[in-house]
Amino acid sequence: MQKSLLVSTLFFFTFLVNLSYAQEMMVTGKVNEEGGSEVAGVNVVLKGTNRGTTTNDKGEFSIQAEKGKVLIFSFIGYNSKEVTVNASILDVALTPEATALNEVVVTALGIKKEKKALGYAVSEIKGEELTVARTPNMANSLAGKVAGLNITGTATGPAGSTRITLRGNGSISGNNQPLIVVDGIPINNENLGQAGMWGGADQGDGISSLNPDEIENISVLKGATAAALYGSRASNGAILVTTKGGKMEKGIGLEVNSNYLAEDLLIKEFKDYQYEYGMGNNGLKPTTVNEALTSNSWGAKLDGSNVIQFDGVTRPYSAQRDNLSKFYQIGSTFTNSVAFSGAAATSTYRFSMNNMDNKGVMPNNTLHRNNFALNVNSNLGKKLSILTNIKYVYEKTKNRPRLSDSPGNANYAIYSLASSMDVETFRDTKYDAAGNEKVWSDNVYVTNPYFAAYDFQNNDQKNRVIGAIEPKFDILDWLFVKGRIGIDYFNYRYRAIEPYGTAYKVLGSYTSNQREFMERNMDLMVGIDKKFGDKFGFNLLVGGNQMRNVNRLTNLGGNNFNIPFFYDISNIDPAARTSSENYIERRINSLYGSGEFSFNNYLFVTATARNDWFSTLASGYNSILYPSVGASFVVSEAIQMPAAINYFKVRSSWAQAGGATDPYKLLLTYALSGAHNGAPLAQINNTEIPNSLLQPLTSTTFEAGLEARLFNNRVSADIAYYTRKTTNDIVNATVSYTSGYNAAVFNVGEISNKGIELLLNVEALRKNSFTWNASFNMAYNKSEVINLYNDLQTLRVDENRTRTAYVHQDVGLPYSQVKGFDFKRDDQGRVVYDAQGYPLQGNLMSYGSGVSPWTLGFTNSFRYKGVGLSFLVDGKFGGKIFSGTNALGYRRGNLKETLPGRDGGLIGEGVNENGEANTVRVEAQPYYDRIANNIATPFVYSSDFIKLRQVIIDYAIPSKYLGSKSPFKAISVSLTGRNLWIIHKKTPNIDPESNYNNSNAQGLEFYSAPPTRSMGVNLNLKF
């Protein structure tokens, strides 16, 4: 019976299929590039079905289709085209994307505009570029892809933050990162914590929480003109993230994406360390446990003999070259996402879920993140529509790596080990008999790396909601009213434990922070888009914004646990507990407007204005108007150009933007600080001298550029020149500590930036089924600090733990100067030595900027039929970095440079203080130790690099192989790699991008997390 039923069912379906085909016909044809040759590999899909095919080597196709139905033709690098079936033979011409004169981009406030109408540069990045070769922090995937966009990831592991700057740094002390806007809602991108001179951990930022699978595209608004409608908060530009929404299509669309990445060390061995001499001091092997309590490599020559170590055990006195690979593990990131999309009668929707689990290369370091997103666009009648976007993010991070100074920093110990010490020794001997950390060095602040990784706690979790509701009412075809209410909210909890038994703090410590953040933005705007005849157009937008930003901070902590190994605030000695609670609020009220005039669709003039009123600035000084004006002239539309020029546009713009400062810098604030005889005591809470007359800083920018497409659109170029000058910058100037304050707040800073940007795209080859496209972007930024305060010529903003190198802002020099102590030199530049034969410390000197002025990216993409290969090479040039890691490696005798003089001492080349040749011979260890402790020059390097940043091999299964009955609309798989190879660098032992924080003080490195490379696979399924 069952068999008979099965046969009948199959017969019935076969009949239906034959019946449907009887109403269809075989459609054949050919696909060509508009004005060019045939295009192979084009996807041809019958709209609303899974039926499809691809064109062959001659651009030919054939497909069954009913008359009146629609075929969709799509191929990478071309605009998709829909063609109605009205004959059995169809010839189709595809237009390359570069020739789309009406290309639309997302601009400020989410307004979509034709790119040809813009008087400023805007770059777009498609979401697909972020999902294949992905990184845990989405922002790092932008490196090398946009001219003028400088991406610097901190060397802190997968959960760390990223420093993003556009066209240089516009403030000496303030925020220099662009505004991040998600679906029209500005989001908080602050760093929640970072390492400094005395150590610490990077606790991430805001953009790192975003799910790349949910991103449709990213618009990078580089200049103040582009971002002028956002006012003061976008004085450094803006990055607009537009997420995916539903589409009007038949049925429910399902998309599944799965990605796995394996991560390994990029630098696996200290190739510039010496492995001739082992642990010890003064050229001798340790003979007692006390002598073995050292991390120095100033011992005897390595000979393989058994030598006592810190735990009393003798082990071979042999070179240990693979400590890095022994301690750090293979990391992994496993990401899965699923999205449902579809349409009802009057609405479209999309709902997505994403899960990411990351295991870092640092032992016991993990990151877990879940993302949920809902997008609903409803049409309530012909005139009213409501767009709703809601995103929820949950993040949980375990054991964020400590950086910089030694306490609790596992990296510090690994990079400091004597050349004959095996790191695995510390894993088995990290506890003494009492369960405390076993002391292994003469410096108790250098923590056992396994104790730091597994016993210290440095954990946090964050719940975040980003939501917006946008109602829009079309009063007339050319007149609308639109509102927007957006909220960015997160609750962040952080807990850090220095465990009981820690060598440098035996009774341990406890730190717990909770931060609740909420920002609400409300906009109301009226827009007009009107044509007057065939040649004149007018576009007007006026509106207002109210922003309210609230931070609630609760801190608990203290030292000394009473009960060993019980980690709770109740177990902290009551006399050593601390607690605080803070409420911080700021508001900005704004009015803005934008008007665009066009003539004959080739001349466009745009003007904007925004007025901000700040709650954090002085009354009477807290209002400022930011104007902008821009023009675009499409020359190729106005006059007849040579045949080689398909498109030519010139543009120019001028704008002013500005910015305020943090709350509570106008007047003294007070806080309670205990009690005396039952009466409360209060103290001044400021660390800076306030300024009751603070007013907004002003940033004035100018931009000029041109765009061209040549040789049948096979070559396109975009060139820009810009200037940017900030005046009335709010500067925290150092004052004497005897005043009781660290700094004073002034409104006098001035800084300038000038630069050029180039974007070049070339279709290098298109023949038969093979294509080769190349893209090159380059940017140069020249910065200069013009003024600080009165006669102040230099301002120190950071210091390396070695205390020989610093970052300053110096009048007349580029931003973020790396400075340090040089050797003392005579008039001829010769090094001067003291009477004992040791080099003397000289003056503090500037080595250059810690921010590289030159950036470049070079992408090549090859495709043969369904197989693609692309790779990205990027680089930075002209910057400097001081390596504290190498300075202490020098002092400990680990670097190859410390080999001369070990056998018989050495005589430093130079003169004594009398100007005579130095002839005093000194022992090697104290000689190199003196240099490392006093001189910075040998450890300042060029931070230039060229990296193979990304490689992708992808294959999309042609739809003709899936079959009409297949549930799949598309299947693609790709192999990816990131940070695969440092092609060129000048920094021994370290990555030139190893800054340990993302502050304004760039150019300092000190025992950061090691750089990594990743390789993986990505699978995408569409149903």
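In this report, the structure presented in the accompanying data block is examined.

Parameters and conventions
- Residues numbered from 1 in each chain as written.
- Predicted model: local features only at pLDDT ≥ 70, side-chain atom pairs only at ≥ 80, totals over all residues.
- Heavy atoms only, no water.
- Pairing = 2+ DSSP bridges.
- Helix = DSSP H or I, 4+ residues; strand = E, 2+ residues; numbered from the N terminus.
- Axes fitted to C-alpha atoms, helices over the stretch in contact; angles between N-to-C directions.
- Salt bridge = Lys/Arg side-chain N within 4 Å of Asp/Glu carboxyl O.
- Buried < 20%, exposed > 50% of the residue type's maximum accessible area, 1.4 Å probe, protein only.
- Contact = heavy atoms within 4.5 Å.
- Phe/Tyr/Trp six-rings, centres within 6.5 Å; stacked < 30°, edge-to-face > 60°.
- Lys NZ or Arg CZ within 6 Å of the ring centre and 35° of its normal.
- Arc of directions from axis to C-beta.
- Core = buried A, V, L, I, M, F, W, Y, C linked by side-chain atoms within 4.5 Å.
- Polar contact = N/O pair within 3.5 Å; in protein donor to acceptor, adjacent residues only side chain to side chain.

### Description of the sheet that holds strand 39 (residues 794–799)
In spatial order, the strands read 39-40-41-43; together these 4 strands make up an open sheet with antiparallel pairing. Bordering the open sheet on either side are strand 39 and strand 43 (841–849), each of which pairs with just one other strand. Adjacent strand axes in the sheet meet at a mean angle of 40° when their direction is disregarded. Bridge count between strand 41 (residues 817–823) and strand 43: 6 bridges; the pairing is antiparallel. Counterpart to Phe821 in the pairing with strand 43 is Leu844.

### Some words on unusual backbone geometry
Here Arg167, not a glycine, exhibits a phi torsion of approximately 55°, which is positive. Of note, Arg803 is a non-glycine position whose phi angle comes to about 65°, a positive value. You can see Arg803 is positioned in the loop between strand 39 and strand 40 (805–810).

### Brief notes about the pattern of salt bridges
Taken as a whole, this structure holds 51 salt bridges when the rule is applied. The partner of Glu82 in a salt bridge is Lys47, and the shortest N-O contact between them spans 3.3 Å. Linking Glu82 in strand 6 (residues 81–84) with Lys47 in the loop between strand 2 (43–46) and strand 3 (52–54), this pair joins segments that are 35 residues apart in sequence. The salt bridge involving Lys462 is made with Glu395; its shortest N-O contact spans 3.7 Å. Highlighted residues: Lys462 in strand 24 (residues 457–476) and Glu395 in strand 23 (residues 384–398), separated in sequence by 67 residues.

### A few points about helix 10 (residues 884–891)
Three- or four-residue spacings in an α-helix give side chains the same orientation, since the helix completes a turn every 3.6 residues. Counting buried positions over the 8 residues of helix 10 gives 7, a clear majority of the element. Along helix 10, the residues classified as buried are Gly884, Thr885, Asn886, Ala887, Leu888, Gly889 and Tyr890. The elements touched by buried residues of helix 10 are helix 6 (410–416), strand 46 (880–883), helix 11 (924–934), strand 50 (940–942) and strand 53 (1004–1005).

### Considerations on the packing of aromatic side chains
Under the defined criterion, the tally for this structure stands at 34 aromatic pairs. Ring centres of Tyr412 and Phe1006 lie 5.9 Å apart, and the angle between their planes is 70°; this geometry places the pair in the edge-to-face category. Of the two residues, Tyr412 sits in helix 6 while Phe1006 sits in the loop between strand 53 and strand 54 (1012–1022), which places them 594 residues apart along the sequence. With a relative accessible area of 4%, Tyr412 lands in the buried category. Exposure remark for Phe1006: the relative accessible area of 1% places this residue in the buried category. Three or more aromatic residues link up through ring pairs in this structure, and these residues are Phe270, Tyr273, Tyr412, Tyr415, Phe1006 and Tyr1007. The lysine or arginine in question, Arg796, covers the ring of Tyr806, its NZ or CZ lying 3.9 Å from the ring centre. Its guanidinium or amino end placed over the ring of Phe945, Lys947 lies 5.1 Å from that ring's centre, counting from NZ or CZ.

### Some thoughts on helix 11
For helix 11, the set of buried residues is Ala924, Gln925, Tyr927, Tyr928, Ile931 and Ala932. The buried residues of helix 11 all sit within an arc of 165° when viewed along its axis, so they share a single face.

### Observations regarding the pairing of strand 33 (residues 679–684)
For strand 32 (residues 670–676) and strand 33, the ladder comprises 5 bridges, and the chain directions are antiparallel. By the bridge assignment for strand 33, Leu672 is matched with Ala682. Hairpin geometry of strand 32 and strand 33 is characterised by an intervening segment of 2 residues between the two adjacent antiparallel strands and by a positive phi of about 55° at Asn677.

### Thoughts on the pairing of strand 22 (residues 366–379)
Two strands pair when backbone bridges link them, and strand 21 (residues 347–359) and strand 22 are joined in this way by 13 bridges, in the antiparallel orientation. Looking at the pairing, Asn354 lines up with Asn371 of strand 22.

### Notes on the nonpolar core
Grouped together as the largest cluster of nonpolar side chains are 62 residues, with contacts concentrated most on Phe327, Tyr328, Tyr415, Phe426, Phe882 and Tyr927. If we skip the residues at most four places from it in the chain, Tyr927 touches Tyr833, Gly837, Tyr838, Pro839, Leu906, Gly908 and Val922. In terms of nonpolar packing, the next biggest core, distinct from the first, is built from 22 residues, Ile125, Ile164, Ile239 and Val241 among them.

### Some words on the side chain of Glu498
Along the polypeptide, Glu498 turns up in strand 25 (residues 479–498). Of note is the side chain of Glu498, whose polar atom sits 2.9 Å from the side chain of Lys505. At 2.4 Å, the side chain of Glu498 and the side chain of Ser509 are in polar contact. Every residue in contact with Glu498, bar those within four places of it in the chain, is listed here: Arg402, Phe456, Tyr504, Lys505, Gly508, Ser509 and Phe561.

These results come straight from atomic positions and should not be treated as a statement about function.
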